[in-house]
Amino acid sequence: MDGRIVAVFGNMVTAEAEGTAFQNSVAHCCRDDGAKLMAEAIRIRGRNVDLQVFEETRGLKIGDSVEFTEGMLEVELGPGLLGQIYDGLQNPLPKLAEKIGLHLKAGHYMEALDGDEKWAFTPSVSVGDEVEAGEALGSVPEGIFTHPIMVPFGWEGKWKVESIVPAGDYAVHDQIAEVVGGDDQRRKITMTQRWPIKVALNCSRERLLPSKPLVTKVRIIDSMFPIVSGGTYCIPGPFGAGKTVLQQITSRHAEVDVVIVAACGERAGEVVETLVEFPKLTDPRTGKSLMERTVIICNTSSMPVAARGASVYTAVTIAEYYRQMGLNVMLLADSTSRWAQAMREVSGRLEEIPGEEAFPAYLESRIAGFYERAGCLRLKNGKIGSVTIGGTVSPAGGNFEEPVTQGTLKVVGAFHGLSRTRSDARRYPAIDPLDSWSTYIGIIEPEKVQYVKGLLRRGNDVKQMMAVVGEEGTTVEDFTIMLKAEFFDNVYLQQNAFDEVDAATSADRQKLVFDTILEVLRMNFEFEDREQARKVMVEGTDLFRNWNYAATDSDEFKKLQDRIRGFIATKGRGA
Amino acid sequence: MRKFYDHITHVAGSVVTVTATGIGYDELAVIKTRRGSSLAQVIRLEGDHVSMQVFAGTQGVSTGDKVRFLGRPMQVVFSENLMGRIFNGSGEPRDDRPALDDEMIEIGGPSVNPVRRRLPDKMVRTGIPMIDIFNTLVVSQKLPIFSTPGEPYNQLLARVGLQAEADVIILGGMGLRHDDYLTFRNTFEASGVLHRTIMFIHTAADPVVETLLVPDLALAVGEAFAMQGKRVLVLLTDMTAFADALKEVAITMEQIPSNRGYPGDLYSQLARRYEKAVDFEDAGSVTVLAVTTMPGGDVTHPVPDNTGYITEGQFYLTNGRIEPFGSLSRLKQRVNGKTRDDHRAIMDACIQLYAGCRESREKRSMGFEMSPWDEKLLRYGELFEAKIMDLSVDIPLEKALDLCWEILAECLEPAETGIRRALIEAHWPKSLGDRAKTEQLAAKAEKTDPAYKGSAVTV
């Protein structure tokens, strides 16, 4: 179907078209210099189709032709995704730079997967076998994984293998098999398939209740506000509170197979940091470069807004694809507020009736729909795969009472709220231990966590009271509670991201340290006065902090552990 | 020969709608009125209705006026001849010198491909200790100065411009008072940097739409110089005026406001400008320092708030000083490890001690008794404010570090600073330390053995 442009306003184009128009189908606006700008149909009114253009609309004219397709916005899935850096529409950015230079230019698109690269394919089915959607026909090695080549997920019913290529090197678009379906339908299969990004990809036997703790090696998360494989969590926080640093740490240390980083409408500089650092860092679990388990979807703040809206969907679709292989995938979206703002911009141009702060009325359902694509699946072959989604939120003015934060809190399983007070006091990670919550069960028994949370709350109460009545007016018992809360904050909740050892604490070590600290917290020190209490707790803080800096099971580690045992045995009066 | 269109159907705010065909989005036009001619930019196409933003405003526009479309988007001259010149928000000379007819480049061009950026790792020396030591400015950084009206933010901006090592300085003035514009010009002239300065000045008396073009003009020229390998410093003041102009135009266009009247795309609009800051692989760089005045001193106001999410840190300018708390250069860690071995330690120690001093002051004002430690901190705070924080201090980084050591030595014992032993041994001022120690020893010796008095004590 073809159409003509009748209106242009910002990145919104209205086209008049004859024939069947499909909502959310892809169209191309043809600029008179030959460039074809990709767009998506987002509203149909009679013969008028409203399109959001994924590029700057500069130079488009009334009467320019529009080419409509019937397909929705899709991504290409196949071997070679890992290690890639894509924009929101899955254009490989390094190759785009080779082709068109320093700047991004409107109307240039490239194949997501390299059509020339050969992959060593090993078939796992033979002619005559029956297969169905999502089932493997064979596999290729992709970095550290065996990447199964699966029957396209959208194909319904059973298919009989008519031909399959022998083991050997093939390019991604080479035919590897031909299958025949129910009513003698013949179809060819290559190593790639396409999937519409706004449709959840779930080709499994059942969806499971996520329960396996996902270790990020950030103590305050794993021990206090845990997340699980297949779960969801959000990190709202004002600017400068450390959202992006926390995401970067998680992307390095989290115990998952694949990490998808969606840099959505944030600073380009931060992406560059990931781009430059990741290839140099090794994944302790595989000994290979971190880049080999990472896909970066990068639509930074100065790149076109509509493509920013698409970028989180592109990211989650790639995450779901790797889940279909039985892998644990983590999607880190930074920041979902920018995605919501992209929705707001489009909604404003469509002149829809606005909701709160001019966000569209469907904001919450879109947010919910996105987070619901996380989950833990039992696949048809019995394997279990998961997608965990962690999104940052950048609330205006750092105030959590705004639509995006509130809409997100309704649908996530854990909330890691960053506070300006903590980041100003250099207490990193600045997750507020009093406001944050998690509905999941982590590596520490819930009663222990409850005990500590109670202590933190009481400590905070005492601290506030002390601001009024002064130290003199506080009893030694209350003062001790406050000191214990501070002690836990100092030696456990705070973690130095720039120290090699302290930056990542394994689950076993967390359990050991947590239990040891719990002994201190539960102990009745019987202090005589506040001065003594302070002196003892300062000494304890120093011991535990140095313990955190000592490499696990090193001599230093054992030496400090002994001293800590002594500290506990003598109630801190040993020195 | 381009056609004239004279069927103006709609005039509202700064927007004029004319009936025309074959016009491209974002295209530039000239509208001829009785009061002269002005440039205008297409901001909406609807059938044969073309809406344009008129740079000079719509005062006196008549329905009989003529519009001629230029068939190209907004452009700006780019050549070496720009150096030392002053232009207005439409890119026309403001300095009584002839217009340039050199090569033209487009403004508001596309974003740099992120994979072609390099990680910033070079410091910009400004001679201002509060920046150089505590929140180092880095090449290609985008950093706002959050301030309130009445603060000397323009003086600060001019000083950074004068003292920073840059090949090209570009000043973009938005809603500037005419006095401020003249002050900038005179300062640059007197310091002899005018020959490498380019100014795009919109004063408060000029039409509001021209405000919107200033950052685009300044950054487009800056980017072009950077691609030739030049180190460019772009100074923008005041970005709040830019945001307010956006608001005005958006409301005129009947767009739904999102927060306090600002359009929903405020973040994207600001980001598109700030993200022009870049360090190119194998070419030059653009560093952006911009003033954002906070209405009512409120950092949660949409303009500073959105800015904070975009920029790589911020300087707070309050009471004529760069506030050590809250001010942050997100990129400082990339450079301050390579300057001098004591840089980071001094940075941390001085700020922690100054925080302590503020607490002591609070205690004092509440009437609590001052301990000897409080007294030391108070003394330290006073010296620190006078010798380091004062904006008139102009010394290179190394001298400033030495000065910090001297202040520390004057007020505190080495152990009280919390600085690592090795650094203390290397940097603690010998003369001062020795003198203090000598006096101490002498006093001690006097007590125990009067005969000891006067003998040389070597340490």
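As the structure is a computational prediction, the values presented were derived from the model and not from experiment.

Draft legend 1. Fine view of the overall build of chain B. Helices and strands together make up the secondary structure of chain B, namely 12 helices and 23 strands. Based on the C-alpha atoms only, the size of chain B along its principal axes is roughly 105 × 50 × 40 Å. By the burial criterion, 49% of the 459 residues in chain B qualify as buried. Restricting the contact set of chain B to residue pairs at least 6 apart, pairs at least 24 apart contribute 71%.

Draft legend 2. Representation of the overall build of chain A. The number of helices and strands found in chain A is 14 helices and 28 strands. Taken over the C-alpha trace, chain A has a radius of gyration of 27 Å; the compact-globule value for 575 residues is 25 Å, and the two agree within 12%. Reported as C-alpha extents along the three principal axes, the dimensions of chain A are approximately 85 × 55 × 40 Å. Taken across its 575 residues, chain A has 50% of its residues classed as buried. Sequence-distant contacts in chain A: of pairs separated by 6 or more residues, those separated by 24 or more amount to 68%.

Draft legend 3. Main features of the domain arrangement of chain A. Residues and elements named next belong to chain A. One can read the domain layout of chain A as domain 1 (2-73), domain 2 (81-97 + 204-438), domain 3 (118-191) and domain 4 (446-569). Computed from C-alpha atoms alone, the centre-to-centre distance between domain 1 and domain 2 is 31 Å. Contact with domain 1, which involves 14 residues of that partner, is made by 9 residues of domain 2. Only strand E4 (36-45) and strand E5 (48-53) provide two or more residues apiece to the side of domain 1 that touches domain 2. In the side of domain 1 that touches domain 2, the residues fall into 7 nonpolar, 3 polar and 4 charged.

Draft legend 4. Looking closely at the pairing of strand E12 (residues 145-150) of chain A. Judged from the 6 bridges that link them, strand E11 (residues 136-142) of chain A and E12 of chain A form a sheet pairing that is antiparallel. Pairing of Ala136 of chain A across the sheet is with Met150 of chain A, part of E12 of chain A.

Draft legend 5. Local environment of helix H12 (residues 507-522) of chain A. Between its first and last C-alpha atoms H12 of chain A spans 22 Å; for 16 residues at 1.5 Å apiece the expected length is 22 Å, and the two agree. In the core, the buried residues of H12 of chain A are packed alongside helix H2 (219-224), helix H11 (476-493), helix H13 (530-549) and helix H14 (555-569) of chain A.

Draft legend 6. Up close: the packing of helix H10 (residues 446-469) of chain A against H11 of chain A. Residues and elements named next belong to chain A. Following both chains from N to C, one finds H10 and H11 inclined at 120 degrees, their axes separated by 8 Å at the closest point. Classified by the angle their axes make, H10 and H11 are oblique. Judged by the sense of rotation from one axis to the other, the crossing of H10 with H11 is left-handed. Of the residues in H11, those in contact with Val452, Leu455, Leu456, Arg458, Gly459, Asn460, Val462, Lys463 and Met466 of H10 are Asp478, Ile481, Met482, Lys484, Ala485, Glu486 and Phe488. Tallied by class, residues from the contact of H10 with H11 come to 9 nonpolar, 2 polar and 5 charged.

Draft legend 7. Representation of the nonpolar core. Among the nonpolar cores identified, the biggest contains 276 residues, and Ile260, Ala262 and Leu331 of chain A are the most heavily contacted of them. Once you skip the residues sitting within four places of it in the chain, Ala262 of chain A turns out to touch Ile297, Ser311, Val312, Ala315, Leu331, Leu332, Ala333 and Asp334 of chain A.

Draft legend 8. Inspection of the interface of chain B and chain A at higher detail. The partner chain A presents 49 residues to the 44 residues of chain B that form the contact. At the level of elements, strand E5 (36-46), strand E17 (257-259), helix H6 (266-274) and helix H7 (302-310) of chain B are the ones that each hand at least two residues to the side of chain B that touches chain A. When grouped by side-chain class, the residues that make up the side of chain B that touches chain A number 19 nonpolar, 14 polar and 11 charged.

Draft legend 9. Local environment of the packing of H6 of chain B against H7 of chain B. Residue and element names in this part refer to chain B. Running from N to C, H6 and H7 cross one another at 50 degrees; their axes reach a closest spacing of 10 Å. Classified by the angle between their axes, H6 and H7 sit oblique to one another. Here H6 and H7 pass one another in a crossing that is right-handed. In contact with Leu266, Tyr267, Leu270, Ala271 and Tyr274 of H6, H7 contributes Pro302, Asn306, Thr307, Tyr309 and Ile310.

Draft legend 10. Fine view of the sheet that holds E11 of chain A. All names here are of chain A. Taken in spatial order, the 4 strands of this open sheet run E12-E11-E9-E14, and their pairing is antiparallel. Looking at which strands have only one partner, the edges of the open sheet turn out to be E12 and strand E14 (168-171). Each strand of the sheet is rotated relative to its neighbour by a mean of 45 degrees, with strand direction disregarded. Where strand E9 (residues 118-123) lies against E11, 2 bridges are found, and the strand directions are antiparallel. Paired with Thr122 across the two strands is Ser139, which belongs to E11.

Draft legend 11. Region of interest: H7 of chain B. Among the 9 residues of H7 of chain B, 9 are classified as buried, and the element is accordingly described as predominantly covered. Those residues of H7 of chain B that sit buried are Pro302, Val303, Pro304, Asp305, Asn306, Thr307, Gly308, Tyr309 and Ile310 of chain B.

What counts as what
Residues numbered from 1 in each chain as written. Chains lettered and ligands numbered in written order. Predicted model: local features only at pLDDT ≥ 70, side-chain atom pairs only at ≥ 80, totals over all residues. Helix = DSSP H or I, 4+ residues; strand = E, 2+ residues; numbered from the N terminus. Buried ≥ 20, exposed ≤ 12 C-beta atoms within 10 Å, placed from the backbone. Contact = placed C-beta atoms within 7 Å. Rg over C-alpha atoms; globule rule 2.2 N^0.38 Å. Domains from an automatic or database assignment. Nonpolar A, V, L, I, M, F, W, Y, C, P; charged D, E, K, R; others polar. Pairing = 2+ DSSP bridges. Expected span 1.5 Å × (residues − 1). Axes fitted to C-alpha atoms, helices over the stretch in contact; angles between N-to-C directions. Parallel < 35°, antiparallel > 145°, perpendicular 65-115°, else oblique. Left-handed = near helix turned anticlockwise from the far one by under 90°. Core = buried A, V, L, I, M, F, W, Y, C linked by C-beta atoms within 7 Å.

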